[in-house]
Amino acid sequence: MLAWLREITIVVIGALVASTLLRLFVAQMFVIPSSSMENTLLIGDRVAVQKIVPFQRGDVVVFRDSLGWLGAAPPEEKIGQKVLIFIGLAPDESANHLIKRVVGIPGDHVTCCDAQGRVTVNGVALNEAEYLYVDPITGRRADPSSRSFDVVVPAGTVFVMGDHRNASQDSRCHIGEEVPGKPEGYQAFVPISDIVGTAVAVVYPFGRFHGLVRPATYQNLPAPAAAPKDPVIKGDRVTC
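Residues numbered from 1 in each chain as written. Predicted model: local features only at pLDDT ≥ 70, side-chain atom pairs only at ≥ 80, totals over all residues. Heavy atoms only, no water.

Along the protein, the regular secondary structure elements total 2 helices and 13 strands. Considering the protein as a whole, with its 240 residues, one finds that 42% of them fall into the buried category. Sequence-distant contacts, at least 24 apart, represent 75% of the contacts inside the protein between residues at least 6 apart. For the protein, the computed accessible surface area is about 12300 Å², with 61% contributed by carbon and sulfur atoms. (Helix = DSSP H or I, 4+ residues; strand = E, 2+ residues; numbered from the N terminus. Buried < 20%, exposed > 50% of the residue type's maximum accessible area, 1.4 Å probe, protein only. Contact = heavy atoms within 4.5 Å. Areas by Shrake-Rupley, 256 points an atom, 1.4 Å probe, with all protein chains shown as cover.)

Below, the structure written as structure tokens:
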């Protein structure tokens, strides 16, 4: 009997260790908390995030909110929930994380809007029709941005935007925010060190199961220039 209990204990502990290691270094589940990525991701979707392959422009990434975009601190999770999240048996409810699409990497010159109302990266316009939010009632696709901006992404950071541009408090919304002791535009750019990983699939609800692929429009963009130490902000200083 004792030998049987010992074997069961070893198996359970081994499974928990393996699950924890997978969560820490390979993949993790997150729950979508807002409408900012509709209709690519809906509120309540469970998303698998991989941590092995580096992200690229166009990828959807989860990142920690070190810049305070979410405002007030989220409510403290219960100890039991924290433990389940840590060992990978429960999805992270994303209370202190955000999920957006990477539009610009270090050294990229990102602007909006050109004569056709499009976002451009290093002078090349993006065709965002495949993922921008479409109103289910009117069938109207959201504009790439209702606010103009012109930035160069500084070293060690990325410029991110939500797919539902009218409901996303993303990089655009923080260009004009001032942070004492920090360079202009500091608050708009997400540190690469805050990125947890790349979202690769919606795994629940089962009826919405699908993979998340990098849009074709990002495949042939020009390489970025040498990234400046501080953000370069031209034109409007945007706040939302």
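From this point, the narrative continues.
In total, this model carries 1 disulfide according to the counting rule given. The side chain of Cys-112 participates in a disulfide bridge whose partner is Cys-113; the two sulfur atoms lie 2.1 Å from each other. Because the torsion about its S-S bond is 75 degrees, the bridge between Cys-112 and Cys-113 counts as right-handed. For Cys-112, a relative accessible area of 4% puts it in the buried group. By relative accessible area, Cys-113 is classed as partly exposed at 34%. (Disulfide = S-S within 2.5 Å.)

Here we take up the side chain of Gln-187. Inspection of the secondary structure assignment puts Gln-187 in the loop between β9 (157-161) and β10 (190-191). Gln-187 gets classed as buried once you look at its relative accessible area, which sits at 10%. Among the polar contacts listed, one links the side chain of Gln-187 to the backbone oxygen of Leu-67, at a separation of 2.4 Å. If we ignore the near neighbours within four places in the chain, the residues touching Gln-187 are Leu-67, Trp-69, His-174, Glu-177 and Val-179. (Polar contact = N/O pair within 3.5 Å; in protein donor to acceptor, adjacent residues only side chain to side chain.)

Across the junction of Cys-112 and Cys-113, the peptide omega takes the value 10 degrees, indicating a cis bond. Position of Cys-113 among the secondary structure elements: in the loop between β5 (109-112) and β6 (119-121). Here Tyr-204 and Pro-205 are connected by a cis peptide whose omega angle stands at 0 degrees. Within the secondary structure, Pro-205 sits in the loop between β11 (195-204) and β12 (210-211). Positioned with a positive phi, Asn-122 is a non-glycine residue whose angle comes to about 55 degrees. Along the chain, Asn-122 turns up in the loop between β6 and β7 (124-125).

So, about the nonpolar core. Core analysis: the largest hydrophobic core is formed by 19 residues, its most contacted members being Val-103, Val-110, Val-119, Phe-149 and Phe-159. Core analysis: the next-biggest nonpolar cluster, separate from the first, contains 13 residues, Phe-30, Met-37, Val-60 and Ala-199 among them. (Core = buried A, V, L, I, M, F, W, Y, C linked by side-chain atoms within 4.5 Å.)

By the bridge criterion, 4 bridges tie β5 to strand β8 (residues 149-152) in an arrangement that is antiparallel. For Cys-112, the partnering residue across the bridge sits in β8 and is Phe-149. As defined by bridge partners, β8 adjoins strand β13 (residues 232-234) across 3 bridges and the pair is classed as antiparallel. What sits directly across from Val-151, in β13, is Ile-233. (Pairing = 2+ DSSP bridges.)

Take the packing of aromatic side chains next. Scanning the entire structure with this criterion turns up 5 aromatic pairs. Each ring, one from Tyr-131 and one from Tyr-218, has its centre 6.4 Å from the other, and the planes form 25 degrees; the classification is stacked. Here Tyr-218 lies in the loop between β12 and β13 and Tyr-131 lies in the loop between β7 and β8, a separation of 87 residues in the sequence. Judged by its relative accessible area of 5%, Tyr-131 falls in the buried class. On the numbers, 5.0 Å between centres and 90 degrees between planes, the contact of Tyr-204 with Phe-206 is edge-to-face. For Tyr-204, a relative accessible area of 39% puts it in the partly exposed group. Each member of the aromatic cluster is reached from another via a ring pair, and the members are Phe-149, Phe-159 and Phe-189. Lying over the aromatic face of Tyr-131, Arg-101 brings its terminal NZ or CZ to 4.1 Å of the ring centre. (Phe/Tyr/Trp six-rings, centres within 6.5 Å; stacked < 30°, edge-to-face > 60°. Lys NZ or Arg CZ within 6 Å of the ring centre and 35° of its normal.)

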